[in-house]
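Fold and contact review
So you can see what is in the structure, the chains are spelled out below.
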Amino acid sequence: SDIEKIVADLDTEYQAAVERNDADTMDRILADDFVLVVGNGTVYTKADLLKEARSKSTVYEQQKEIDNSQKVRVWGDKTAVVTAKLWIKGTREGKAFERKLWFSDTYVKTDKGWRYVFGQASLALPSD
């Protein structure tokens, strides 16, 4: 559907913005009350993610959806959830990291267009 394509493209744009530490694009896509919960239980807000992007404390070599795993599920005309397997690799404060994980990103259509409102990421997947 049109909504599936719009949201899939927006989520891909968001992942690319994270990879580039592009806080302006992230700011445009994230809802003001955005929350991300990662596999170890840590919770991040929009302000946390924008601060990290602006500080460039994490440098990504890769932040990409892999294995053609992206799937968009739509409910009505105002809610969509994107799930995909993500491969991230880079350095955080000089320490290298690399992992694959599953994520779910929830988007809601607002007066300002589609916004990313909630994300949840799994723990790192076992190595292939």
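1. Quick look at the overall build of the protein chain
Each helix and strand in the protein chain was counted, giving 3 helices and 6 strands. Taking 128 residues into account, the globule formula puts the C-alpha radius of gyration at 14 Å, and the protein chain, at 14 Å, falls close to it. Overall, the C-alpha framework of the protein chain stretches about 45 × 30 × 25 Å when taken along its three principal axes. Going through the 128 residues of the protein chain one by one, you find that 41% of them count as buried. Restricting the contact set of the protein chain to residue pairs at least 6 apart, pairs at least 24 apart contribute 53%. For the protein chain, the accessible area works out to roughly 7400 Å², and carbon and sulfur atoms hold 51% of it. Counting 20 positive and 22 negative side-chain charges, the protein chain places the averaged centre of each group 1 Å from the other.

2. A look at unusual backbone geometry
Backbone geometry places D67, a non-glycine residue, at a positive phi of 60°. Along the chain, the position of D67 falls in strand 3 (residues 58-75). Among the residues examined, D67 registers a relative accessible area of 56% and is labelled exposed. Positive phi is not limited to glycine here, since N68 has a value of about 50°. Relative to the elements of secondary structure, N68 occurs in strand 3.

3. Digging into the environment of K89
Mapped onto the fold, K89 is located in strand 4 (residues 79-92). Assessed through its relative accessible area of 29%, K89 is described here as partly exposed. With 27 residues separating them along the chain, K89 and Q62 place their C-alpha atoms 5.1 Å apart.

4. Brief notes about the nonpolar core
Judged by nonpolar contacts, the single largest core of 30 residues is most densely connected at V7, Y14, M26, Y107 and Y116. At the level of secondary structure, the elements contributing two or more residues to this core comprise helix 1 (2-20), helix 2 (23-29), strand 1 (30-37), helix 3 (46-55), strand 3, strand 4, strand 5 (95-110) and strand 6 (113-121). Looking at which element gives the most residues to this core, the answer is helix 1, with 7 residues. If we ignore the near neighbours within four places in the chain, the residues touching M26 are Y14, A17, V18, L49, L50 and A53.

5. Side note on the pairing of strand 5
Examined bridge by bridge, strand 4 and strand 5 share 14 bridges and lie antiparallel to one another. Bridging across to strand 5, I88 finds its partner in R99. As paired strands, strand 5 and strand 6 are joined by 8 bridges and run antiparallel to one another. Within strand 6, the residue paired with V108 across the bridge is R115. Between strand 5 and the antiparallel strand that follows it, strand 6, lie 2 residues.

6. Observations concerning the environment of A47
By secondary structure assignment, the location of A47 is in helix 3. Given the relative accessible area of 53%, A47 is considered exposed. Remark: the alpha-carbon pair of A47 and D27, spanning 20 residues in sequence, is separated by 8.9 Å.

What counts and what doesn't
- Residues numbered from 1 in each chain as written.
- Predicted model: local features only at pLDDT ≥ 70, side-chain atom pairs only at ≥ 80, totals over all residues.
- Heavy atoms only, no water.
- Helix = DSSP H or I, 4+ residues; strand = E, 2+ residues; numbered from the N terminus.
- Rg over C-alpha atoms; globule rule 2.2 N^0.38 Å.
- Buried < 20%, exposed > 50% of the residue type's maximum accessible area, 1.4 Å probe, protein only.
- Contact = heavy atoms within 4.5 Å.
- Areas by Shrake-Rupley, 256 points an atom, 1.4 Å probe, with all protein chains shown as cover.
- Lys, Arg positive; Asp, Glu negative; His and termini not counted.
- Charge placed at Lys NZ, Arg CZ, Asp CG, Glu CD.
- Core = buried A, V, L, I, M, F, W, Y, C linked by side-chain atoms within 4.5 Å.
- Pairing = 2+ DSSP bridges.

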